[in-house]
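Report on the structure
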There are 2 protein chains.
Amino acid sequence: MCEANAYLVREDGSEELVLKAVDKLTIEGDTVHLVDVFGRQERVRARVMTLALVDHKILLERMEKPQ
Amino acid sequence: MCEANAYLVREDGSEELVLKAVDKLTIEGDTVHLVDVFGRQERVRARVMTLALVDHKILLERMEKPQ
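Residues numbered from 1 in each chain as written. Chains lettered and ligands numbered in written order. Predicted model: local features only at pLDDT ≥ 70, side-chain atom pairs only at ≥ 80, totals over all residues. Heavy atoms only, no water.

**As for the relation of the copies chain A and chain B**
Look at the two chain copies: a rotation about an axis and a shift along it is all it takes to match them. In screw terms, the move from chain A to chain B is a rotation of 180° and a rise of 0.0 Å along the axis, fitting with an RMSD of 0.0 Å. Interpreted geometrically, this transformation is the action of a two-fold axis. Of every C-alpha in chain A, the one belonging to C2 of chain A sits nearest the axis of rotation, 2.5 Å from it. Looking at chain A, 100% of its interface residues are interface residues in chain B too, so the copies touch through the same face. (Least-squares fit on C-alpha atoms with pLDDT ≥ 70 in both. Contact = heavy atoms within 4.5 Å.)

**What about a nonpolar patch on the surface?**
A cluster of nonpolar side chains, V37 and F38 of chain A together with V54 of chain B, forms an exposed patch at the surface whose accessible area comes to about 260 Å². Within the element layout of this structure, F38 of chain A appears in the loop between β3 (31-36) and β4 (41-52). Residue classification places F38 of chain A among the exposed residues on the basis of a relative accessible area of 63%. (Patch = residues over 30% accessible without salt bridge, like charges linked within 9 Å, V, L, I, M, F, W, Y side chains within 5 Å. Areas by Shrake-Rupley, 256 points an atom, 1.4 Å probe, with all protein chains shown as cover. Salt bridge = Lys/Arg side-chain N within 4 Å of Asp/Glu carboxyl O. Helix = DSSP H or I, 4+ residues; strand = E, 2+ residues; numbered from the N terminus. Buried < 20%, exposed > 50% of the residue type's maximum accessible area, 1.4 Å probe, protein only.)

**Some thoughts on the packing of aromatic side chains**
Overall, the coordinates contain 0 aromatic pairs over all chains when judged by the stated rule. K57 of chain A extends its terminal NZ or CZ atom over the ring of Y7 of chain A, reaching a point 5.4 Å from the ring centre. (Phe/Tyr/Trp six-rings, centres within 6.5 Å; stacked < 30°, edge-to-face > 60°. Lys NZ or Arg CZ within 6 Å of the ring centre and 35° of its normal.)

**Things to note about the environment of K57 of chain B**
All names here are of chain B. Mapping K57 onto the fold places it in strand β5 (residues 57-62). Judged by relative accessible area, K57 falls into the partly exposed class, the value being 27%. Not counting chain neighbours up to four residues away, the residues in contact with K57 comprise A4, N5, Y7, E15, T50, L51 and A52.

**Details of unusual backbone geometry**
Residues and elements named next belong to chain A. A positive phi angle, close to 55°, is found at A21, a residue other than glycine. The residue A21 is located in strand β2 (residues 15-28) in this model. A relative accessible area of 13% means that A21 is categorised as buried. Here the phi dihedral of H56 falls at roughly 60°; this positive angle occurs in a residue that is not glycine. You can see H56 is positioned in the loop between β4 and β5 (57-62).

**What to know about the environment of V35 of chain A**
Looking at the secondary structure, you find V35 of chain A in strand β3. Sequence separation between V35 of chain A and K24 of chain A is 11 residues; the distance between their C-alpha atoms is 5.1 Å.

Written out as structure tokens, the structure is:
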């Protein structure tokens, strides 16, 4: 299968798993909407840093909250 | 293999192939930097609309040029 795992990269560079086996990723303004192969969904206020498809890795960076 | 093909979605909804077999995608401001499994690179002024990993598809939307 060709899904990837999505991680939020913390300020210290460590990675926090958000959702495994992501099939679809949609960017909706400052929110990243992830759907895994089972239909489970996660929404995170983040921007996409990098996708490494052969490594099955999606790296997200949390958006600073404006207020 | 788990690479995907990247397309620019035109205003009429049709899709223009940018790069096949994309391994890495990095967002650098308003530019999407694509690298395929052979190391070939493309840079497009665009934003990521959707990734559909199981369908091997990356959809990009061209950024309007400000000037």
